[in-house]
Amino acid sequence: VQTYLDSGALDRAEVEIQAMLQEKPSDRAALILKGDVQRQMGNYQEAVAAYQSAREVEDTEPLALRLLETMMQGGDLEQSRAAFEEFRQTYPEYERMDLLEANLAILNADYDKAAELAKQTLQKNENDTMALLLLGRVQFYGAKYDEALEIARQQVEDGAQILDINMDDAMLDAVHEMVTFLKLLVAEPEIARVPLMIDSSKFQAVSYTHLRAHETV
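Residues numbered from 1 in each chain as written. Predicted model: local features only at pLDDT ≥ 70, side-chain atom pairs only at ≥ 80, totals over all residues. Heavy atoms only, no water.

A. Summary view of the overall build of the protein chain. A count of helices and strands for the protein chain gives 12 helices and 2 strands. The linear arrangement of helices and strands in the protein chain, starting from the amino end, is α-α-α-α-α-α-α-α-α-β-α-α-β-α. The proportion of buried residues among the 217 residues of the protein chain is 44%. In the protein chain, 57% of the contacts between residues at least 6 apart in sequence involve partners at least 24 apart. (Helix = DSSP H or I, 4+ residues; strand = E, 2+ residues; numbered from the N terminus. Buried < 20%, exposed > 50% of the residue type's maximum accessible area, 1.4 Å probe, protein only. Contact = heavy atoms within 4.5 Å.)

Right under this line is the structure:
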C-alpha cells in the first residue's frame, strides 16, 4: 500500500486498504493509511474520520498531530480550534506548539497573530526553517487577500451583480483558499451584499467550500 501511495497510485492504494479493513475494521495501520490516501485526494472530512477511528484504537502524538493538520487543511476553523486545544492539553510538551497555533491563526485570517507566533519561534532559533516558511506564508497571504478584497470592493462599487470566486492554482490549496477568502468577504458588508459564485474545476473545492460557507454565514 505504501508503494502505491509513494507512486501516487491512490486508487490502487484505496482498494488494498478497503480489503484490509473488511478483514479487520479496527486495523489501526489500515485506518491511518486510509486517512493518508483521503488526505492526498483532498477528501479532508473522510481523512479526519479515518484518523479519529485510528485514535480510538490507540492514540499517539504523531497521529493526533496528523488529525489536527488535516482539519486545518480542510478549513474547518471550529473543529480545528477544538482539536488544537485538545492537543495542547494532551501533549503540552510538543516543541512546535507555537507554529501549530500560528497555522490556526492563518486559518482564522489573523495574520498579525500568526506572524507574532512565528517570530517567537525565530527568537529561539533564527534559522528555524518551518518558522521562516510560515512567516513567508503570513506575509504572502496578508498582502494577497488585501489586494483581492480591494478588487472585489471595486467590482461591487462599479456595479457588479455577482462576484465570481476562483482559487484554482497549482500553488494553492483551493479548499483552504476558498474558505479563508469567503470568511474575509462576508466580514465586509459593502462586498457581502452581492451574491458570491464559487467557481472551481475541483469538485472538492466547490462541495466542501459550499458547506463551510453556509456555516460561516
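And the narrative resumes.
B. Representation of the pairing of strand β1 (residues 163–166) within the structure. Residues L163 and I165 point to one face of β1 and are all buried, whereas D164 and N166, pointing to the other face, are not buried. Taken together, the 4 bridges between β1 and strand β2 (residues 196–199) define a ladder with parallel strand orientation. Bridged to L163 within β2 is L196. (Pairing = 2+ DSSP bridges.)

C. Focus on helix α3 (residues 28–40). The terminal C-alpha atoms of α3 lie 19 Å apart, and with 13 residues this matches the ideal 18 Å at 1.5 Å per residue to within 8%. Where α3 is buried, its residues contact α1 (2–7), α2 (10–23), α4 (44–57) and α5 (61–74). Of the residues that open α3, the one with a side-chain oxygen 3.2 Å from the backbone nitrogen of A29 is D27. Directly beyond the C-terminal end of α3, a positive phi value near 85 degrees is found at G42. (Expected span 1.5 Å × (residues − 1). Polar contact = N/O pair within 3.5 Å; in protein donor to acceptor, adjacent residues only side chain to side chain.)

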